[in-house]
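Overview (structure and organization)
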Amino acid sequence: MNCITRREFLKRSIFLMSLSFLSNKLFSFEKEMEKELSTEIPYSPEEDVLIPSTCAMCVNFCGIRVRRVDGVIRAIYGNPESPYNKGHLCPKGQAGIFHTYNPYRIKAPLKRTNPKKGINEDPLWKEITWEEAFEEIVSKLKEVKEKDPRGLSFHWSHGKYLLGDQYTKAFCKAFGTPNGIHRTTVCEAARHVADEITWGYHGILPDLDYTKYFINMGANFAEAEQWARWLDRTLMRRIYDEKDLKMVVVEPRLSNSAAKANEWVPIRPGKDVLFLLAMAKELIKNNFIDREFLINYTNAPFLVGGDQKVLKDEKGNPLVWDEIKNKALPYDEAEKISLDKEVIIDGKKYKTSFNLFKDYVLSLREKEIEEETGIPYETIKKIALEFGKNARIGEFIEIEGQKLRYRPVAIYTFRGMIANENGAQAWRLGLILNMLVGSINAVGGLLIHKADPEHKNRKPSKCEYPPSRVDLQESVFFPYATHNVAQQCAYTYQNPEKYGLPYKPQMAIFYATNRILSTSEIEKQFEGYKNLYSVNINIVLDETSQFADIVLPDKTYLEDFHFSPTRWTPDSEHKAIRQEIVNAYNIPYGIFEILWELAKRLGILDKYIEELNKEWKLKEKKFEVGKDYTSKEATAIIWEDTTGKPFEYALKHGLLAKTLDVKKRYLEDLSKFEGKGKPKINFYAEQLVFTKEKVFEIMDKNENVKKVFMEWFEEDENNIKKILEIKFSPLPLKEHSFPTPHKKRDSKEYPFYLITYKRMYRNQTDAHALNPVLNEVAKDSSSNFVLINSKIAKKMGIKDGDEVYVESKIGKVKGKAKLTEGIRPDTVAISYHYGRFAKSFPEYAKKGVLPNFIIEYHPDIISGEDSFNDTKVKIYKA
Amino acid sequence: MARYGLVIDLRKCIGCSSCVAACKLENMVQKGNWWNYVIEYEEGEYPNVKRIFVPMNCMHCENPPCMKACPEKAIYKNDYGVVLIDYSKCKGRRYCIAACPYGVIHYISKEKTFYDNHETPYEKLPIKAKHPLHRKKAGIVEKCTLCWHRIEGALKENKKPGSDYDSTPACVPVCPAGARYFGDLDDPDSTVSKLIREYKAKRLKEEFGTKPQVYYIF
């Protein structure tokens with residue numbers, strides 16, 4: 001080593017010190033000293049520890065180990081003990097260091113001094129003490145509570161996954177407001193609702209360890225998705241190491257996921273329903289039908305009349321056709337059940353629901369499908385036949401000594417196919433196709449999870465009117481929206497009478513959510529939130545906080561204890577916690593303490609504690625009235641009650657994993673629907689017919705309701721019922737491939753389809769735009785682009801890097817063009833979390849373009865899903 | 001003596017840059033510099049188009065042109081085949097950068113913080129809390145060390161490098177797609193040796209005679 005000795009160094013130091021007064025640039029003299037000596041000083045920190053915890057940078061909740069060196073977060077590694085991510089970790093999870101060490105964080109409570117609220121208004125924040133903040137918030141809350149507690153809305157998004165929505169829901173209950181609002185309708189709610197309508201809960205996973213043919217309708221696990229850290233490693237292993245799985249990705253843009261597929265099918269945006277209907281046609285024509293599954297587990301054999309209702313006996317039992325007795329009998333009494341039958345009973349025609357579906361898909365014209373989807377019919381047919389053959393209908397496999405149904409095919413989606421006006425119907429069809437070949441909970445098929453045949457979405461909706469909630473969930477407007485309707489609140493705040501809301505919204509609390517930014521037509525969101533008094537609890541001053549009256553800082557997920565949510569896989573589940581690793585800005589209260597303090601000062605603490613015990617379903621260990629808790633103590637209670645293990649175990653390991661056996665993996669959920677005496681999976685969703693009747697009844701009595709529908713779907717009075725008939729169809733229809741803008745916009749004026757997609761560097765948490773590591777790890781991580789097909793761009797004279805306008809009916813945005821061969825010529829794609837405009841953000845965090853300004857709002861009436869992929873646009877050089 | 005190297009399965013790489021972040025944070029590589037980067041390109045025409053992601057880091061060549069080019073003899077190859085830079089010898093002449101056919105050596109022109117005009121606690125860690133390989137300064141060059149501090153740590157503990165998460169280069173176990181492998185190229189039974197044989201894994205720009213120790217499965 002050729003470095004100077006200590007003596008030499010000291011000599012030089014003295015010389016330098018003598019010069020020091022000459023220069024004020026002496027600055028880090030000590031630092032220089034250290035550097036010169038750097039090779040002599042051994043690595044000798046006072047502390048170098050690995051603390052197990054759980055990531056919250058997105059919703060995969062990967063197990064992490066946080067390396068703390070001398071009190072500083074030095075690195076974040078994956079936790080190999082996690083059955084979910086097995087040590088793997090995405091860039092975002094690793095960049096959590098700078099999520100916490102972020103100088104743009106809110107460090108003290110702030111109060112607005114500029115009473116005017118708007119996108120261009122600077123709130124002119126003034127720092128106030130915690131005491132002042134609590135006092136003002138509590139006095140406002142008391143005012144609202146006295147007037148009408150329903151006047152409070154509590155919005156959370158990522159907050160659900162930080163503190164846990166059990167806390168926020170309990171707070172709402174204790175306060176007396178029904179308005180706790182989460183964000184799933186800007187993501188995948190329609191899929192969940194379709195699952196609930198069909199089999200009574202939400203959450204599906206393909207059984208990839210065994211799947212051989214996997215059709216992925218635009219679920220982009222490689223760039224951003226829930227379950228991504230399990231999907232990516234499992235798919236790559238199955239496709240490339242074991243060469244035992246074929247993945248077909250159906251989506252308009254060649255995403256990173258499609259880039260890894262064996263086959264990319266570039267479908268025209270929104271036409272997935274037509275694609276799957278055509279697949280169904282080919283499966284039926286070629287007899288790739290699992291009759292036994294359909295008869296034993298689904299209502300496909302139920303007889304349906306011309307009124308779309310299931311034929312029932314006087315006791316209300318659904319009837320099927322018995323082939324031996326040649327008559328309609330209750331399902332439980334029939335000996336040999338017909339699947340595919342049309343009969344006349346008492347002069348009326350009845351068809352089994354399978355037969356209805358069959359006749360419908362067989363009637364579809366190949367040419368129309370080919371023209372609308374933009375995919376050669378031969379390709380769809382080939383995929384259908386490959387899917388059908390690989391389904392191995394009738395085969396069994398033995399695992400762990402159990403003989404199990406073996407159907408190694410699955411159709412899967414996440415947001416890709418469903419973030420649109422007919423999202424719930426689209427995924428209903430996805431489920432129906434899985435049912436046709438019997439792949440539901442078969443080995444290698446599509447696994448359903450925690451099925452509940454009694455789920456409320458398997459029944460006619462209560463269709464509330466007047467609505468009880470500001471998001472209109474489960475009201476006549478969104479009868480099956482069970483995952484809240486995030487984007488609707490702003491419209492209701494602006495004009496509660498329009499929706500018949502029986503009270504006036506007064507105040508909102510936002511916790512870890514940038515609600516304003518993450519929806520369609522965001523300028524309308526500003527208008528909605530402008531006149532509400534609001535409190536915002538977050539780690540940075542985002543766009544939504546710009547509309548707040550008081551802002552409170554939160555701790556980050558590396559600074560607080562939480563009982564973390566986790567993700568299951570087909571063979572595992574686990575419980576996990578988060579730990580306080582550091583407190584970068586010495587923030588005294590985290591969200592747990594904030595809510596506790598508010599409840600206490602409002603005089604609702606006892607009720608809050610009671611509701612907490614209920615929400616967390618605590619049995620042995622509970623929160624006790626009269627006691628105060630820290631977030632660590634609270635986490636310990638929940639951990640110990642849920643796992644039965646001492647909290648020390650959690651502190652040491654971060655998680656407790658369990659392996660799932662074949663019974664849990666394949667049999668438990670499906671057995672709830674198996675054979676006689678059991679309810680059935682809804683191949684046919686009859687409840688939608690009853691719900692539609694209720695909707696019509698309310699609509700006929702309330703002109704305002706009808707007007708809302710007419711506005712959403714741009715239909716006149718004479719047509720609106722016809723449109724709603726289609727929306728509430730018990731079986732998916734080709735019309736579900738035609739959202740409002742596809743029908744109403746002149747294709748010459750707006751020739752392009754606009755689609756949005758996620759990028760892992762940004763989605764889920766709005767502080768990511770500020771994260772310097774995330775901003776530089778990939779080419780498009782600091783800014784996004786308008787993706788345009790190269791040949792089309794060339795024809796239009798647009799070059800790579802040119803500024804272009806993307807214009808829809810409601811406005812235009814400017815972005816940088818990126819030319820690619822990996823997109824359909826009729827489609828432009830923009831990821832939807834760039835182009836930030838919060839006043840407090842530095843320029844580097846504002847790069848890119850935000851398409852949400854020009855995305856038209858035509859919600860899915862079934863699920864409340866926002867319409868992120870339906871807008872038609874024109875593009876031109878800026 | 002073992003000879004360590006990497007195998008990167010390009011078929012499996014999903015282009016997420018997880019390895020990039022892991023490398024950057026583990027090795028305290030400053031803003032704007034890279035020890036590891038993912039190159040991305042398209043091949044073909046719509047609809048028959050492919051997107052390819054190629055992670056690039058120091059190839060730890062058996063015959064490293066950077067080493068030969070360095071006038072200060074600051075670049076050396078250790079007993080395990082890992083090419084390292086002696087920061088105390090480097091004078092920042094950058095001949096190595098010109099000589100490297102892979103573009104994976106970076107010059108530190110000036111010290112930069114991740115946030116402008118703000119040093120985070122991570123960046124303020126005292127020198128004794130940084131491994132010597134992570135103590136860098138302006139005016140020298142830097143590149144991938146194959147996380148030598150991890151390998152060395154394992155060897156000190158008599159652990160086989162690569163046998164667990166913490167004795168493997170940071171870019172490997174973190175990869176969400178399981179596309180990266182680390183191991184002993186001299187051991188015919190190691191995973192890397194087996195993969196190289198099975199898939200006839202290739203090295204980049206072999207025509208330069210550099211004999212990289214990073215192999216790619218195409």
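Along each chain, residues carry numbers from 1 onward, in the same order as the chain's sequence is written. In the order they appear in the text, chains get letters beginning with A and ligands get numbers beginning with 1. Where local features are concerned, this predicted model is filtered to residues with pLDDT of at least 70; where side-chain atom pairs are given and counted, the filter is 80 or more; whole-chain, interface and lining totals use all residues.

**Points about the domain arrangement of chain A**
Note: interface size is frequently given as the accessible area lost on complex formation between the parts. Here is the rule we go by: What marks off one domain from the next here is an automatic or database domain assignment.
Each domain of chain A was delimited in the assignment, giving domain 1 (6-36), domain 2 (110-182 + 463-561 + 582-640), domain 3 (302-338) and domain 4 (739-877). Relative to domain 4 of chain A, the C-alpha centre of domain 3 of chain A lies at a distance of 51 Å.

**Some details on the sheet that holds strand S21 (residues 507-511) of chain A**
All names here are of chain A. Worth spelling out the cut-off: Criterion used throughout: strands pair if DSSP finds at least two bridges between them. Each helix is a run of H or I in the DSSP string that is no shorter than four residues. Each strand is a run of E no shorter than two, and both are numbered from the N terminus. Here, residues touch in the contact sense if the C-beta positions derived from the backbone fall within 7 Å of one another. Only C-alpha atoms enter the line fits that serve as axes; for helices the fit covers just the stretch in contact. Angles between N-to-C directions range over 0 to 180 degrees.
Read across the open sheet, the seven strands follow the order S5-S4-S23-S22-S21-S6-S7; overall the sheet is mixed. The sheet is open, and its two edges are formed by strand S5 (125-127) and strand S7 (180-181), each paired on a single side. Those strands touched by helix H5 (residues 130-147) are strand S6 (152-156), S21, strand S22 (533-538) and strand S23 (550-553), and its axis lies near 125° from that of S23.

**With respect to helix H17 (residues 522-530) of chain A**
Because each turn of an α-helix spans 3.6 residues, side chains separated by three or four positions end up pointing in the same direction. All names here are of chain A. The following threshold applies: With C-beta atoms placed from the backbone, the exposure class of a residue follows from how many other C-beta atoms lie within 10 Å of its own: 20 or more, buried; 12 or fewer, exposed; in between, partly exposed. Think of the arc as the fan of directions from the helix axis to the C-beta atoms.
The set of residues buried in H17 consists of Ile522, Gln525, Gly528 and Tyr529. Seen end-on, H17 carries its buried residues on one side only, within an arc spanning 100°. Check the buried side of H17 and you find it contacts helix H16 (488-494) and S22.

**Some remarks on the nonpolar core**
Residues and elements named next belong to chain A. For the record, the criterion: By definition, a nonpolar core groups buried Ala, Val, Leu, Ile, Met, Phe, Trp, Tyr and Cys residues that connect through C-beta atoms lying within 7 Å of each other.
Counting residues in each nonpolar core, the largest one holds 344 residues, and the members touching the most others are Phe171, Met279, Val786, Ile788 and Val828. Element by element, the count of residues in this core is highest for helix H10 (residues 272-285), at ten residues. Look past the residues within four positions of Phe171 in its chain and what remains in contact with it is Phe154, Leu595, Ala599 and Tyr608.

**Focus on helix H7 (residues 189-199) of chain A**
Residue and element names in this part refer to chain A. Burial within H7 is extensive, with eleven of its eleven residues counted as buried. Among all positions of H7, only Ala189, Ala190, Arg191, His192, Val193, Ala194, Asp195, Glu196, Ile197, Thr198 and Trp199 are buried. Close packing links the buried residues of H7 with strand S8 (204-206), strand S19 (409-413), helix H15 (423-436) and strand S20 (446-448). Of the residues trailing H7, Gly200 is marked for its positive phi of about 90°.

**Here's the deal with the interface of chain B and chain A**
Rules: Any residue that is not Ala, Val, Leu, Ile, Met, Phe, Trp, Tyr, Cys, Pro, Asp, Glu, Lys or Arg is counted as polar, Gly included; the first ten are nonpolar and the last four charged.
On the side of chain A, 56 residues touch chain B, which itself brings 49 residues to the contact. If one sorts the elements of the side of chain B that touches chain A by residue count, helix H1 (residues 18-26) of chain B sits on top with seven residues. Taken together, the residues of the side of chain B that touches chain A sort by class into 25 nonpolar, nine polar and 15 charged.

**A closer look at the sheet that holds strand S3 (residues 72-78) of chain A**
All names here are of chain A. Strand order in the open sheet formed by three strands is S1-S2-S3, and the pairing between neighbours is antiparallel. Looking at strand neighbours, the two that pair on one side only are strand S1 (48-54) and S3, the edges of this open sheet. The sheet shows a mean angle of 30° between the axes of neighbouring strands, taken without regard to direction. Here strand S2 (residues 63-69) pairs with S3 via six bridges, running antiparallel. When the sheet's bridge partners are listed, Ile64 is paired in S3 with Gly78.

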